[in-house]
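Below are the chains, spelled out letter by letter.
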Amino acid sequence: MENAIVMKNVCKDFKILNRHEGLRGSIRDLFSRDYKTISAVKDVTLEIGKGEIIGYLGPNGAGKSTTIKMMTGVLEPTSGEILVNGVVPYKERTKNSEHIGVVFGQRSQLWWSLPLIESFRLLRDIYMVPKKEYEDMIELYRSLVDIEPILHKPVRQMSLGQRTLSDILAAFLHNPAIVFLDEPTIGLDVSMKSKIRDLIKGLNQEKGTTVILTTHDMGDVDALCKRIVIIDEGKKIYDNDIEHLKSYFGSYRTLRMRLSDDTWEERVIDESKEDVMEVILRKQKEHKIKDIQLQEISTEEVIKKIYEGA
Amino acid sequence: MENVLTKQKHRRGFRFYASIYRKILVQDLKSKMSYRADFIISTIGMIMTNLSGFVTFLILFKNFPSINGWDYHHMLFLYGFSLLALTPVQCFFDNNWNLRFQVQSGDFIKYCFRPINVFFYFMSEVFDVKGLGQFAFGAGTLIYAWVNIGIPVTPLLILKLMLFLLTASLFMIAIMNAAAATCFWIVGSGYVMVIMFRFKDFAKYPSSIFHGVFRILFTFVIPIAFVAYYPSLAILESDSVPVLTWCAPALGVLFFYLSYKFWMLGVRKYDFTGS
C-alpha cells in the first residue's frame, strides 16, 4: 500500500524561557538566556497508508496537535523526516496545503460574515478547482447531508453543529488527499455527532481520502477508525488495530450493578486477578443488588487504562 | 478565466491575487452594507475625526502665520498629502491591528493552511471603508492648496504626485507591519502599535522643524519624514529637490520589503503552542 504520510524519528522541542518572579525578575528575563527545553514530540515514527482513517489519540498535552502542526507544515520538526504526499511540509508549505484539508479544533476557517456558498466559491478559486469537479463535489455533498438549510446562511449565524459541518465540507472541497480533523465532534449533540461521523465515513469511501482524526470521543473512534495510534508524553505508545488493543485487555470485564436505590455502579475487573463472583458477593453484603450486567471492556475503558499507564 | 486558472495550477501570480482580493472585497462590502447602523456610525466617526484634525490645524495657523518658512497653503498641501498617503494603510492593512489578538488566541493558525501567501490572506480579510472618507478629505485639501499655491497642472507633475504618494504610503505601511509583527515575540505589542500610529501625526509637519536627534530619528529610524515631507517636496520645490526625496521611492520599496520579511519571519518562528 502506498503511503500518504511517512514520519521518521520525528522530534520537536520547544524552548521556553525560565521566568522569574516580581519586577526585578521580569527585568532579568529581558536579558536572560536561561531557557529550558521541552520535548513535545519524541522520536515518533509513523506510516499512514492512502485511504485510511486513523484515530490519533492521547491525553491532553501529549503532543497530538504538535504532530499535526508539523504534518501541515506550520511547525518545523527539530529533527527527523516527514513526508506528506511526497512533499516535505515545512519546506513547501504552499505546495503541501494544495493537497491537504484541515479542521482545527473549534476554530472556523470560513469567512465569518459570508454565506457558506460564497466561502465555497472563494475556496474553489483559491485552490483552483475546475468547475466540473467543484459541481460534482457539491452534488456529492447534497447526497450525503442536507446542505440546503446552511448553504445561504452566514457562518456567524450558524449553530456550533452547522459550523462544524460547514468546516468539514470546506476542508474536503478541493478533494485533498489527506484531511486532518482535530476533535470534530466536540461539544455537539448526539444526533449531530452521528451525522458528522456518517459524513466523514461517506467522504472517505467516495473519494478515498486519508483521514487523520484526533479526538477524545471514543464514539468517533468506534464509528470510524480501524487503526489507532496513541501518543503519550510525546512518545508513540501504541500503533495497531483497535481490536488488537482490546484483546490485550481480554481478561478485563466491565461489571455494572444496579443497587437498591436504582443507581448503577460500574467497575472494571481484571479476571486474571479478581473473581467476578467474589466482587458481587462482597458488594451484596453492603447493598442489595437488584440487577447485574457483565460487558466486554469498551474502547473508552481501554484508552483510559492506557492513559493511566496500564 | 476559469480555464486560464486551471492551466496555471501551482502558479499563482499577480492576476490570481488581484482576482481573489477583488472577490473577497466585493463579498465583504456586501455584508458590511447589510449592517447599516454600523456603517453609518463609523462614517460619522470618520468625518468627526477628520474635522477635528482639521480644526486643530486651523487654530494652530491662526496663532502662527508660518512655520519655519512654510505658509498656510504649503502646510495645507502637506496636510492633504499626508492624509492621502495614509489612506492605503487604513484601507488595506487595517487587519494589522487584530494580529496580536489572533496570534495570542491561536486563531492565527488558520492563515497557514491555505496554498496562498499568509500575509496576503491575512490582510485580505479586512478592508476598512473609513479610509475612503479620509481619501476624499485629503484629496479636497490637496487640490485646494495646489490651486492656491499656483502650481501648474502638467502631466509630469501629476505623474510625480502619484509616484510620491505611493512611495509615502509604503513607508507608513512598513511602519505598521513592523510594529504589528512584534506581537510574534513580545506580549505588549499593542503599545508599540499605538506609539507608531501616534507618530504619524508628525508626518504633517515639515521635518525641518525638528532638530538633531529627532530629525535623524524621524528620517532614518522611524521614517515618518518620508510619509509626507520628503515626497511632497518633489512637487512643492521641483527646482531644488533634495537627494533624500529622489531616494524615497527606492527606500519605500526597501522598507516595505523589509517589514514584510520581518512579518513573515514572525510567522515562521512563532510556536503556535496550545490548541
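Data block above holds the structure.
Residues numbered from 1 in each chain as written. Chains lettered and ligands numbered in written order. Predicted model: local features only at pLDDT ≥ 70, side-chain atom pairs only at ≥ 80, totals over all residues.

Colleague: I'd love a proper account of the overall build of chain A, names of residues and values included.
Modeller: Along its length, chain A carries twelve helices and twelve strands. Principal axes of the C-alpha set define a box for chain A whose edges measure 70 × 60 × 45 Å. Scored against the burial criterion, the 310 residues of chain A give a buried share of 37%. In chain A, the proportion of contacts linking residues at least 24 apart, taken out of those at least 6 apart, comes to 70%. (Helix = DSSP H or I, 4+ residues; strand = E, 2+ residues; numbered from the N terminus. Buried ≥ 20, exposed ≤ 12 C-beta atoms within 10 Å, placed from the backbone. Contact = placed C-beta atoms within 7 Å.)

Colleague: Let's hear about the interface of chain A and chain B: which residues, and what values?
Modeller: Taken together, the contacts link 26 residues of chain A with 21 residues of chain B. Listed by contribution, the elements that provide at least two residues to the side of chain A that touches chain B are α2 (64-71), α3 (93-98), β5 (100-104) and α4 (116-126) of chain A. With four residues, α4(A) is the largest single contributor of residues to the side of chain A that touches chain B. Considering only residue class, the side of chain A that touches chain B consists of twelve nonpolar, seven polar and seven charged. (Nonpolar A, V, L, I, M, F, W, Y, C, P; charged D, E, K, R; others polar.)

Colleague: Give a description of the pairing of strand β12 (residues 289-296) of chain A that names residues and reports values.
Modeller: Residues and elements named next belong to chain A. Across the eight residues of β12, zero count as buried, placing the element largely on the outside. In this structure, strand β10 (residues 252-259) lies alongside β12, joined through seven bridges in antiparallel fashion. Considered in β12, the bridge of arginine 253 is made with glutamate 296. (Pairing = 2+ DSSP bridges.)

Colleague: How would you summarise the pairing of strand β8 (residues 227-232) of chain A if you had to cite specific residues and measurements?
Modeller: For a regular strand, the rule is simple: side chains alternate between the two faces of the sheet. All names here are of chain A. As paired elements, strand β3 (residues 53-57) and β8 share four bridges and run parallel to each other. Each bridged residue has a counterpart across the sheet, and for glycine 55 the counterpart in β8 is isoleucine 228. With six bridges connecting them, β8 and strand β9 (residues 235-241) associate as antiparallel partners. Along β9, the bridge assignment pairs aspartate 232 with lysine 235. Between β8 and the antiparallel strand that follows it, β9, lie two residues; glutamate 233 among them carries a positive phi value of about 50°.

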